[in-house]
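Coordinate analysis (summary)
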Amino acid sequence: ILASKNGKKWESVALIGKEGYDLRDPKLSITPDGRLMVSLGGSIYRNRKLVGAQSHVMFSEDGKRFTEPIPVVIDPQVKGDLNWIWRVTWHKGVGYGMSYDRKNNISLLRTEDGIDYSLIKTVNMEGFPNETTIRFDKDDTMWMMIRRDKGDRKAKLATSRPPYSDWEYTDLPMFVGGPDFLIQDGLCIAGGRAHETGAKPKTVLSTDLFRGAACCLLS
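Keep in mind that this is a model prediction, so the values were computed, not measured.

This part covers the overall build of the chain. Summing up its helical and strand segments, the chain has zero helices and 19 strands in all. Relative to its length of 219 residues, the chain is compact, with a C-alpha radius of gyration of 17 Å against a globular reference of 17 Å. Each principal axis of the C-alpha atoms in the chain carries an extent, and together these give about 45 × 45 × 40 Å. The long-range share in the chain, meaning contacts at least 24 apart out of those at least 6 apart in sequence, stands at 37%. With an accessible surface of roughly 12100 Å², the chain has 50% of that area assigned to carbon and sulfur atoms. Averaging the locations of the 32 positively and 28 negatively charged side chains of the chain gives two centres separated by 6 Å.

All told, the structure shown has six aromatic pairs when counted by the stated rule. Relative to Tyr 100, the ring of Trp 84 has its centre 5.8 Å away and its plane inclined at 25 degrees; by these criteria the two rings are stacked. Of this pair, Trp 84 sits in strand β9 (residues 84-91) while Tyr 100 is found in strand β10 (residues 94-100), placing the two residues 16 residues apart along the sequence. For the pair shown, Trp 84 and Tyr 100 are each scored as buried. Between Tyr 96 and Tyr 164 the ring centres are 5.6 Å apart and the planes differ by 80 degrees, which places this aromatic pair in the edge-to-face class. Separated by 68 residues along the polypeptide, Tyr 96 in strand β10 and Tyr 164 in the loop between β15 (156-160) and β16 (167-171) bring together distant segments of the chain. Here the basic side chain of Lys 27 rests over the ring of Trp 86, its NZ or CZ set 3.9 Å away from the ring centre. The cationic tip of Arg 153 hangs over the ring face of Phe 175; the distance from NZ or CZ to the ring centre is 4.2 Å.

What follows covers the environment of Met 37. With respect to the secondary-structure elements, Met 37 resides in strand β4 (residues 36-46). The class of Met 37 is buried, set by a relative accessible area of 0%. Through-space distance from the C-alpha of Met 37 to that of Glu 61 is 9.0 Å; in sequence the pair is 24 residues apart. Not counting residues up to four positions away in its chain, the partners in contact with Met 37 are Lys 27, Leu 28, Ser 29, Thr 31, Val 57, Met 58, Phe 59, Val 88, Trp 90, Gly 114 and Tyr 117.

Here the focus is the pairing of strand β5 (residues 49-53). Bridge analysis of β4 against β5 gives four bridges, and the strand direction is antiparallel. Across the sheet, residue Ile 44 finds its bridge partner in β5, namely Gly 52. The hairpin turn running from β4 into β5, its antiparallel successor, is two residues long, and Asn 47 in that turn takes a positive phi close to 55 degrees.

It is a general feature of regular strands that their side chains alternate between the two faces of the sheet. Counting buried residues along strand β14 (residues 142-148), seven of its seven residues qualify, which places the element largely inside the surrounding structure. Side chains Met 142, Met 144, Ile 146 and Arg 148 of β14 all project onto a buried face; the interleaved residues Trp 143, Met 145 and Arg 147 project onto the opposite face, where all are buried too. Here strand β13 (residues 129-136) runs beside β14; their pairing, made up of six bridges, is antiparallel. When the bridges of β14 are listed, Thr 132 appears paired with Ile 146. Where β13 hands over to β14, the hairpin turn is made up of five residues, of which Asp 140 adopts a positive phi near 70 degrees. With five bridges joining them, β14 and β15 adopt antiparallel strand pairing. Along β15, the bridge assignment pairs Trp 143 with Thr 159.

What counts, and at which threshold
- Residues numbered from 1 in each chain as written.
- Predicted model: local features only at pLDDT ≥ 70, side-chain atom pairs only at ≥ 80, totals over all residues.
- Heavy atoms only, no water.
- Helix = DSSP H or I, 4+ residues; strand = E, 2+ residues; numbered from the N terminus.
- Rg over C-alpha atoms; globule rule 2.2 N^0.38 Å.
- Contact = heavy atoms within 4.5 Å.
- Areas by Shrake-Rupley, 256 points an atom, 1.4 Å probe, with all protein chains shown as cover.
- Lys, Arg positive; Asp, Glu negative; His and termini not counted.
- Charge placed at Lys NZ, Arg CZ, Asp CG, Glu CD.
- Phe/Tyr/Trp six-rings, centres within 6.5 Å; stacked < 30°, edge-to-face > 60°.
- Buried < 20%, exposed > 50% of the residue type's maximum accessible area, 1.4 Å probe, protein only.
- Lys NZ or Arg CZ within 6 Å of the ring centre and 35° of its normal.
- Pairing = 2+ DSSP bridges.

In structure tokens, the structure reads:
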């Protein structure tokens, strides 16, 4: 884990590992009580084959000293294998994250402590939906950007109003890996990895996500 006061000079504040797990794709968030939370995927390999996964979290009160990785507890109603909560976003005291498995299922979960996650809704979506980022606008609408790796591979944009159990979908025009976006003052800045940019995948940005998502070129 790296830290910087000016965005130019960085220093390592923690080196985290756990025996038997490949900890990957760490995501940072701030809990309602002001702690720094790190969400991690924990992949389990045997002879170079993925045989299991366990999402973990860590906490820090000062950004320097972190707890050991703690396994999260996912609602037993969430079926499927290798469930992975890719990112957690906090809104009005509640953390929301999308768990995905290898059978086209994505499950919207909620937590109040970052460790125990209850099910809001599971959706079966073609195209192997996986990495999902959740954000909220000023009207409490939930926005979700969902990566898809099979079929036409085009990313999905989903929206939902409280209690976030019914979603409306819009197709984005291209594949987006590692999707992320921010909403501020009515402006959305979105980014991710695209493959429609030439010979090699590139990181791309867009400010047009809310102005007609179906026409967003992420360029």
